[in-house]
Amino acid sequence: GVTVEDIKLELRNMYRSLAEDDTPMVRRGAGKNLGRYAEAVAKLPYGKKGGNSGPVAKEFVIPGGKDESIIKKSVSQDSKNKVLEDVVPIYQVLASDEQDSVRLLAISNSGSIGCALGLDGNLTNKVVLPIIKAHSADLSWRVRNHLAKDFAVVAQSQGFHENSFKADLTVVFDSFA
């Protein structure tokens, strides 16, 4: 019979096909919900205020505090692997889309990608930081503006606040200046 894992795999494949659709409006829809999707794949609790609130990344308040330990405890290595296999390729495709309206939605969800990777500075340094750097110099002012608006959320959810990653946090900030 069909297992829950089979259904989850089918849903992840459907989301991937929506993110790669020929129609920009469909890709925008996928980009808009990328954060929620990433956090669902990582099995993060959806917002502190229940089902009507936003992704965890948008509510992540104090690096090093209670939120950080909840996120780190919630994301297993298996979940990180699923995010790396299923979500990160979609994130990369949407972040490199020809339409700036798609790219800006992808970059706005970089915080959720960091949370879905368990605030693991090593992973986000390889996966998310190059995209943040590239988009801080994007030709579209709209993409740069969206990154600027969400920069605090993006920066704090990359796991760079630990002592070993202070230089990386500076690189992120300097790349946007």
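Residues numbered from 1 in each chain as written. Predicted model: local features only at pLDDT ≥ 70, side-chain atom pairs only at ≥ 80, totals over all residues. Heavy atoms only, no water.

> Looking at this model, I keep getting lost on the overall build of the protein chain. Mind explaining?
A count of helices and strands for the protein chain gives 13 helices and zero strands. Ordered by position from N to C terminus, the α and β elements of the protein chain give α-α-α-α-α-α-α-α-α-α-α-α-α. Taken across its 177 residues, the protein chain has 48% of its residues classed as buried. Residue pairs in contact within the protein chain that sit at least 24 positions apart in sequence constitute 69% of those at least 6 positions apart. Of the roughly 8900 Å² of accessible surface on the protein chain, 57% is carried by carbon and sulfur atoms. (Helix = DSSP H or I, 4+ residues; strand = E, 2+ residues; numbered from the N terminus. Buried < 20%, exposed > 50% of the residue type's maximum accessible area, 1.4 Å probe, protein only. Contact = heavy atoms within 4.5 Å. Areas by Shrake-Rupley, 256 points an atom, 1.4 Å probe, with all protein chains shown as cover.)

> In this structure, what is going on with the packing of helix H1 (residues 4-19) against helix H6 (residues 77-95)? I would like to understand it.
Two quantities define a packed helix pair, namely the angle between the axes and the distance from one axis to the other. Running from N to C, H1 and H6 cross one another at 15°; their axes reach a closest spacing of 10 Å. One finds that H1 runs roughly parallel with respect to H6. With respect to the hand of their crossing, H1 and H6 are arranged in left-handed fashion. Taken together, the residues of H6 that come into contact with H1 (itself represented by Glu-5, Arg-12, Tyr-15, Arg-16 and Ala-19) are Lys-82, Glu-85, Asp-86, Pro-89, Ile-90, Val-93 and Leu-94. Of the residues contributing to the contact of H1 with H6, the split by class is six nonpolar, no polar and six charged. (Axes fitted to C-alpha atoms, helices over the stretch in contact; angles between N-to-C directions. Parallel < 35°, antiparallel > 145°, perpendicular 65-115°, else oblique. Left-handed = near helix turned anticlockwise from the far one by under 90°. Nonpolar A, V, L, I, M, F, W, Y, C, P; charged D, E, K, R; others polar.)

> Whenever I open this one, the confidence of the model for the protein chain confuses me. Can you help?
Should the pLDDT be low somewhere, the predicted coordinates at that spot are not to be read in detail. The pLDDT averaged across the protein chain works out to 85; a share of 81% of its residues lies at or above 70. Within the protein chain, the element-level pLDDT minimum falls on helix H13 (residues 166-176), averaging 68, and the maximum on helix H2 (residues 24-32), averaging 96. (pLDDT = per-residue confidence, 0-100.)

> I keep staring at the pattern of salt bridges and nothing clicks. Help me out?
Oppositely charged side chains can pair when the atoms bearing their charge come close. Throughout the structure, instances matching the rule amount to eight salt bridges. A salt bridge links Lys-8 to Glu-5; the shortest N-O distance between them is 3.7 Å. Within this pair, Lys-8 and its partner Glu-5 are both found in helix H1, separated by three residues, close to a single helical turn. Residue classification places Glu-5 among the partly exposed positions, given a relative accessible area of 38%. Taking the shortest distance from any N to any O, the salt bridge between Asp-78 and Lys-82 comes out at 3.5 Å. In this pair, Asp-78 and Lys-82 both sit in helix H6, four residues apart, roughly one turn of the helix. Owing to a relative accessible area of 44%, Asp-78 belongs among the partly exposed residues under this scheme. When salt bridges with common partners are traced through the structure, they connect Glu-5, Lys-8, Asp-78 and Lys-82 into a single cluster. (Salt bridge = Lys/Arg side-chain N within 4 Å of Asp/Glu carboxyl O.)

> What is the right way to look at the packing of aromatic side chains in this model?
Remark: the centre distance and the inter-plane angle together describe each pair of aromatic rings, the angle taken between the planes. If you walk through the whole model with that rule in mind, you get one aromatic pair. Here the aromatic rings of Tyr-15 and Tyr-37 are separated by 4.1 Å at their centres, their planes lie at 15°, and the arrangement is stacked. With a gap of 22 residues between them, Tyr-15 in helix H1 and Tyr-37 in helix H3 (residues 34-41) connect regions that are remote in the sequence. For the pair formed by Tyr-15 and Tyr-37, the shared burial category is buried. (Phe/Tyr/Trp six-rings, centres within 6.5 Å; stacked < 30°, edge-to-face > 60°.)

> Just to check I follow, could you spell out the environment of Val-143 for this structure?
One can find Val-143 in helix H11 (residues 141-149). Counting along the chain gives 35 residues from Val-143 to Ser-108, while the straight-line C-alpha distance between them is 8.8 Å. If sequence neighbours within four positions are ignored, Val-143 has contacts with Asp-100, Arg-103, Leu-104, Ile-107, His-135 and Asp-138.

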